[in-house]
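Observations on the three-dimensional arrangement
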Amino acid sequence: QAYAGLDGAECRVKIWEDLEKDGLAIKKEDYETRVPRSQRGGEVIEPMVSEQWFCKMETMSTPALNALKTGELTIVPKRFEKVYETWLSDCKDWCISRQLWWGHRIPVWYVHDS
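Residues numbered from 1 in each chain as written. Predicted model: local features only at pLDDT ≥ 70, side-chain atom pairs only at ≥ 80, totals over all residues. Heavy atoms only, no water.

Regarding the overall build of the chain
The number of helices and strands found in the chain is three helices and two strands. Its helices and strands taken in sequence order, the chain reads α-β-α-α-β from the N to the C terminus. Looking at the chain residue by residue over its 114 residues, the buried ones come to 11%. Restricting the contact set of the chain to residue pairs at least 6 apart, pairs at least 24 apart contribute 42%. Summed over its atoms, the accessible surface of the chain is roughly 11000 Å², and 57% of this surface lies on carbon and sulfur atoms. (Helix = DSSP H or I, 4+ residues; strand = E, 2+ residues; numbered from the N terminus. Buried < 20%, exposed > 50% of the residue type's maximum accessible area, 1.4 Å probe, protein only. Contact = heavy atoms within 4.5 Å. Areas by Shrake-Rupley, 256 points an atom, 1.4 Å probe, with all protein chains shown as cover.)

Rendered as structure tokens:
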């Protein structure tokens, strides 16, 4: 709570002071680094930490794999069945809040009976 409401530069100074005060700082040394800056105003660009949303892939990949194995799903051409199976067998949870611009298409398609 001690750092809430501070901007990035103030927060870094305060954290370092607290680390030194508590004897947790190991050393302080100068170094050069490239700091990203805004083209318009020249302000330092700070990353914005945000909440991330994930889809549990196992609940989607298991029925999809079963559909392939039972013949309910057909992959054309047939040689891509192995690629599909490999991809779904090793799926990691999918971050759907990839911090992209609004309006970016998520790769989802719908197939209707009509």
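This is not the end of the story, as more comes after the structure.
Concerning a nonpolar patch on the surface
A cluster of nonpolar residues, Tyr3, Leu6 and Ile15, forms a patch on the protein surface that exposes about 220 Å² of accessible area. Looking at Tyr3, the relative accessible area reads 32%, which means it is partly exposed. (Patch = residues over 30% accessible without salt bridge, like charges linked within 9 Å, V, L, I, M, F, W, Y side chains within 5 Å. Salt bridge = Lys/Arg side-chain N within 4 Å of Asp/Glu carboxyl O.)

Quick notes on the pattern of salt bridges
Summed over all chains, the structure comprises six salt bridges. Taking the shortest distance from any N to any O, the salt bridge between Asp18 and Lys14 comes out at 3.3 Å. With a gap of four residues between them, Asp18 and Lys14 both fall in helix α1 (residues 8–21), about one helical turn apart. With relative accessibility at 29%, the residue Lys14 sits in the partly exposed group. A salt bridge links Asp18 to Lys21; its shortest N-O distance comes to 3.9 Å. In this pair, Asp18 and Lys21 both sit in helix α1, three residues apart, roughly one turn of the helix. Residue Asp18 is classed as buried on the basis of its relative accessible area, which comes to 12%. The class for Lys21 is exposed, based on a relative accessible area of 64%.

Thoughts on unusual backbone geometry
For the bond running from Val76 to Pro77, omega is -5°, close enough to zero to count as cis. Checked against the element boundaries, Pro77 lands in the loop between α2 (58–70) and α3 (81–89).

Quick notes on α1
Look at α1: 20 Å from first C-alpha to last across 14 residues, which is about the 20 Å you get at 1.5 Å a residue. Its side-chain oxygen placed 3.2 Å from the backbone nitrogen of Ala9, Asp7 serves as the N-cap of α1. Positive phi appears at Gly23, one or two residues downstream of α1, with a value of about 70°. (Expected span 1.5 Å × (residues − 1). Polar contact = N/O pair within 3.5 Å; in protein donor to acceptor, adjacent residues only side chain to side chain.)

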